[in-house]
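Topology and contacts: notes
The chain contents come next:
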Amino acid sequence: MAEKDILLKVENLKMYFPAEKTLGGKVTNWVKAVDDVSFEVERGKTFGLVGESGCGKTTTGKCILRINNPTEGHIYYNGLDLATASRSEIWNIRREIQLIFQDPYGSLDPRQSCGDILREAIVLGEGRQSRKQVRERVDELLRIVELLPEMADRYPHELSGGQRQRLGIARALACDPKLIVCDEPVSALDVSIQAQVINLFQKIQKELGLTYVFIAHDLAVVRHIADTIAVMYLGHIVEIMDAEEIFRNPVHPYTQALLSAVPITDYDVERSRQRILLEGEVPSPLHAPAGCPFNPRCIYAKDICRKEMPPLKDMGDGHCVACHVCGRK
Amino acid sequence: MGEIRKKKSTGSAARFFRVFFSRGIITKICFGILILFVLIAVFAPLICKLIGFGPYEQDLFNMLKKPSSEHLLGTDDIGRDTLARLVYGARVSLLTGILSSVWAAIVGILIGLAAGYFGGLLNTVVMRITDAFIAIPPIIFTMVLSSMVKGNLLGLSLVIGVSIMPSYIRMVNGLVGSLKENDYVVAAKLVRENDFIIMLKHLLPNCMASMIVTFTMNVGTAIMLESTLSYLGVGIAAPTPAWGVMVSEGYKYLVNQPLVAILPGVCIMLVVISFNICGDSLRDAMDPRLRGKL
Ligand SMILES: Nc1ncnc2c1ncn2[C@@H]1O[C@H](COP(=O)(O)OP(=O)(O)OP(=O)(O)O)[C@@H](O)[C@H]1O
Ligand code: SF4
Ligand SMILES: [Mg+2]
């Protein structure tokens, strides 16, 4: 196999938030939002990160952007360790990594017109640009995200949800990014619009050769766009595999449960397949269970699951699973 | 292109006023009152020329007189024309009120913005000091300090400005504290906007609507404070026709000639209330989400 061209490599990333403090300011309990997460993202590919609400997807994304300062671990981007990089090193690559927000409205300043939002992002780029160049760039960006040039004069509250998200994408593109972290970019949109926006993401990736870290809470969204999918549960990655593989051969019980929530259009398959319904709630990361984080809800749970944390084991072909029982074939 | 832009801006101005006046007749009246008082203040010398008396001119044959064709609103105990003094009083009151609110706003907003945005120790220190300030009743605070400025309008406006500054600090601080959590601030950082610009371009404009309300209401408060101080004899010094001074001089003759004290009192009330109501309507009009809806 040819050497992979890795753009982003996350190693043992941990992000703990202080949850309880004594009067003296000593932290007695932590929210382990991200706990020992490792993955690689190939240049030009899409890495899907899936998991239920609160499992630490956004926190992982924010660590990559250094909006959060990771507690531990490394994030190598083009050889630079973002986790330990200095402010000025971050400043240099700031515009290369962009974020598309979950809430398209909250990420747009309500007092700026769409044109202003884009202009602001453009003029802060390298080199001086004339007014004409900036205007042309605004038009170009609007065209790329399939918005009409007239939109430049509108305000965010005058746009529909899908249009707002397109504008958010245009702003990110204005920085000439190499890597875009898309934090559930379509979950706030209508189902009919979701597909359009996902297609747009794909089109842009093809045109500009971008790399995505694509966060979503259900598999139906990432199955179309991701090349590799990682399933997260309570701050841990429980399974990583090729996107094809996840529908053919999901191994981890949690992945299987997530998958059975995805509708399948083929009637026969739909009827014959076994549905796994998840019982109970996701435990709060404050009181994470000992051993495998999934054990209170897992139908295969054994004694060892309640004592030991299962490591992420490679089952061949880069398909990694963290499970005491199911990984062993 | 230029023409289109022009048309658009007049369109949004029209929308602005439509929302501004959408609260009904009360806003219109209050707005009218403010305009009237501003005009009176600006054209005070002209008006006095028209009525034929200056604010200091004593007509010793007509003391404590009822309104007549000569003195439209009567005279005070030493024969000065009440109307002329009211007209100049508008100048004093509006000037002190607006000046002190401007000082307070400029300094208070900058302090609150920086403290709220950077947070941490700076924020803690600033807010503790502000809380301590707020604990002192403004009237006592200004009384103590105003003895140092000796009836000087500019000095008095500074003193009043300092006393209303904490309200800006607190308000901006609170607003910025929550606004800075918005994703658009994160987005601005990601496109490499620096902290200073983020504060001025994203946070400040989004505080503006509340600031305008606070500002207009504070003009009212400042006028109230100035009048009270002048009434108590520590504000604007006596012969200057401030409304507070007029009330304090006139109330002794409340029985013989009530207009001398009542009219400046009514003026204070009208102006203070009008500022408050216009502040409220301005807030609506400045909100781009309401514009074009009402
Ligand atoms: N700044 C913070 N301080 C304390 N706890 C935090 C902070 N940010 C996130 N958390 C906690 O970390 C956990 C993971 O949050 P995160 O936002 O990463 O989840 P998510 O997977 O993105 O969920 P969602 O699908 O709802 O967006 C949550 O329990 C959250 O309460
Ligand atoms: S390790 Fe045990 S509890 Fe965890 S998923 Fe596997 S079987 Fe279930
Ligand atoms: Mg999230």
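Residues numbered from 1 in each chain as written. Chains lettered and ligands numbered in written order. Predicted model: local features only at pLDDT ≥ 70, side-chain atom pairs only at ≥ 80, totals over all residues. Heavy atoms only, no water.

1. Observations concerning the overall build of chain B
The secondary structure content of chain B amounts to 11 helices and zero strands. Each helix and strand of chain B, ordered N terminal to C terminal, gives the series α-α-α-α-α-α-α-α-α-α-α. Per-residue burial over chain B gives 45% buried out of 294 residues. By sequence separation, contacts in chain B at least 24 residues apart represent 70% of the contacts at least 6 residues apart. Accessible surface, chain B as shown: approximately 14200 Å² in total, 72% of it carbon and sulfur. Computed over 26 positive and 17 negative side-chain charges, the inter-centroid distance for chain B is 8 Å. (Helix = DSSP H or I, 4+ residues; strand = E, 2+ residues; numbered from the N terminus. Buried < 20%, exposed > 50% of the residue type's maximum accessible area, 1.4 Å probe, protein only. Contact = heavy atoms within 4.5 Å. Areas by Shrake-Rupley, 256 points an atom, 1.4 Å probe, with all protein chains shown as cover. Lys, Arg positive; Asp, Glu negative; His and termini not counted. Charge placed at Lys NZ, Arg CZ, Asp CG, Glu CD.)

2. Observations regarding the packing of helix 5 (residues 120-135) of chain B against helix 7 (residues 153-179) of chain B
All names here are of chain B. Their axes nearest at 9 Å, the elements helix 5 and helix 7 cross at an angle of 135°. By the angle class used here, helix 5 and helix 7 are oblique. Regarding helix 5 and helix 7, the two cross each other, and that crossing is left-handed. From helix 5, Asn123, Val126, Met127, Thr130, Asp131, Phe133 and Ile134 reach across to helix 7, where they touch Val162, Pro166, Ile169, Arg170 and Asn173. (Axes fitted to C-alpha atoms, helices over the stretch in contact; angles between N-to-C directions. Parallel < 35°, antiparallel > 145°, perpendicular 65-115°, else oblique. Left-handed = near helix turned anticlockwise from the far one by under 90°.)

3. Quick notes on a nonpolar patch on the surface
All names here are of chain B. Together, Met143, Tyr231, Leu232, Tyr251, Leu254, Val255, Ile262, Val266 and Leu270 line one region of the surface with nonpolar side chains, adding up to about 800 Å² of accessible area. With three residues, the single largest contributor to the nonpolar patch is helix 11 (residues 259-286). With respect to the helices and strands, the residue Leu232 is situated in helix 9 (residues 195-232). (Patch = residues over 30% accessible without salt bridge, like charges linked within 9 Å, V, L, I, M, F, W, Y side chains within 5 Å. Salt bridge = Lys/Arg side-chain N within 4 Å of Asp/Glu carboxyl O.)

4. As for the layout of surface pockets
What the largest pocket holds in volume is close to 830 Å³. In terms of lining, the largest pocket is formed by 21 residues, of which the most central are Arg66(A), Ile67(A), Arg87(A), Arg94(A) and Lys189(B). Counting residues per element, the ones that place at least two in the lining of the largest pocket are helix 2 (87-93) of chain A together with helix 4 (82-118) and helix 8 (183-190) of chain B. Counted by class, the lining of the largest pocket contains seven nonpolar, four polar and 10 charged residues. Every residue lining the second largest pocket is counted, 24 residues in all, and those nearest its centre are Lys4(A), Glu40(A), Thr228(A), Asp242(A) and Gly318(A). Looking at the lining of the second largest pocket, the elements with two or more residues in it are strand 1 (6-21), strand 2 (27-42), strand 3 (46-50) and strand 10 (236-242) of chain A. Counting residues per element, the lining of the second largest pocket draws most heavily on strand 2 of chain A, at five residues. In the lining of the second largest pocket, the residues fall into 10 nonpolar, four polar and 10 charged. Two domains each donate at least three residues to the lining of the second largest pocket, and these are domain 1 (6-233) and domain 2 (250-329) of chain A. (1 Å grid on protein atoms, 1.4 Å probe; cavity = no way out; pocket = protein on both sides within 12 Å on 5 of 7 lines; lining within 4 Å. Points joined across faces, edges and corners; volume = space filled by probe spheres on them. Nonpolar A, V, L, I, M, F, W, Y, C, P; charged D, E, K, R; others polar. Domains from an automatic or database assignment.)

5. Details of the sheet that holds strand 6 (residues 97-100) of chain A
Residues and elements named next belong to chain A. Ordered by their spatial adjacency, eight strands build an open sheet running 6-7-8-3-9-10-12-11, and the pairing between neighbours is mixed. The open sheet has two free edges, formed respectively by strand 6 and strand 11 (313-314), since each of these has just one partner strand. Examined bridge by bridge, strand 3 and strand 8 (residues 211-216) share five bridges and lie parallel to one another. Paired with Val50 across the strands is Ala216, a residue of strand 8. Its contacts with the sheet place helix 5 (residues 161-174) against strand 6 and strand 7 (179-183), and it is angled at close to 175° to strand 6. (Pairing = 2+ DSSP bridges.)

6. Examining helix 9 of chain B
Residues and elements named next belong to chain B. Here helix 9 is 38 residues long, yet its end C-alpha atoms lie only 46 Å apart, well below the 56 Å a rise of 1.5 Å per residue gives. Along its length, helix 9 shows its largest kink, about 50°, at Met208. A positive phi of about 90° marks Gly233, the residue just after helix 9. (Expected span 1.5 Å × (residues − 1). Bend = angle between axes of the 7 residues up to and from the residue.)

7. Some points on the domain arrangement of chain A
All names here are of chain A. In terms of domains, chain A is made up of domain 1 (6-233) and domain 2 (250-329). Just the C-alpha atoms count here: the centres of domain 1 and domain 2 sit 28 Å apart. Together domain 1 and domain 2 conceal approximately 1200 Å² of surface at their shared face, both sides included; 67% is due to carbon and sulfur atoms. When the buried surface of domain 1 facing domain 2 is broken down by residue, Glu52, Leu219 and Tyr233 rank first, second and third, together holding 49% of it. Scanning the region where domain 1 abuts domain 2 turns up one salt bridge. Our count for the contact surface shared by domain 1 and domain 2 stands at three residue pairs in polar contact (both at pLDDT 80 or more). Secondary structure elements with two or more residues in the side of domain 1 that touches domain 2: strand 2, helix 7 (219-225) and strand 9 (228-233). Here the side of domain 1 that touches domain 2 takes four residues from strand 2, the largest share from any one element. Considering only residue class, the side of domain 1 that touches domain 2 consists of nine nonpolar, two polar and three charged. (Buried area = accessible area lost by both parts, 1.4 Å probe. Polar contact = N/O pair within 3.5 Å; in protein donor to acceptor, adjacent residues only side chain to side chain.)

8. Some remarks on the site of ligand 1
Residue and element names in this part refer to chain A. Looking at ligand 1, there are 14 residues lining it, with Ser53, Gly54, Thr58, Thr59 and Glu184 nearest. Measuring from an oxygen atom of ligand 1, one finds a side-chain N or O atom of Thr58 at 2.5 Å. Here an oxygen atom of ligand 1 and a side-chain polar atom of Gln102 are 3.4 Å apart. Expressed as a share of its isolated accessible area of 630 Å², the protein-covered part of ligand 1 is 63%. Listing elements by their share of the shell around ligand 1, those giving two or more residues are strand 2 and helix 1 (57-64). With three residues, helix 1 is the single largest residue contributor to the shell around ligand 1. Residue composition of the shell around ligand 1, grouped by class: five nonpolar, six polar and three charged. (Near = heavy atom within 4 Å.)

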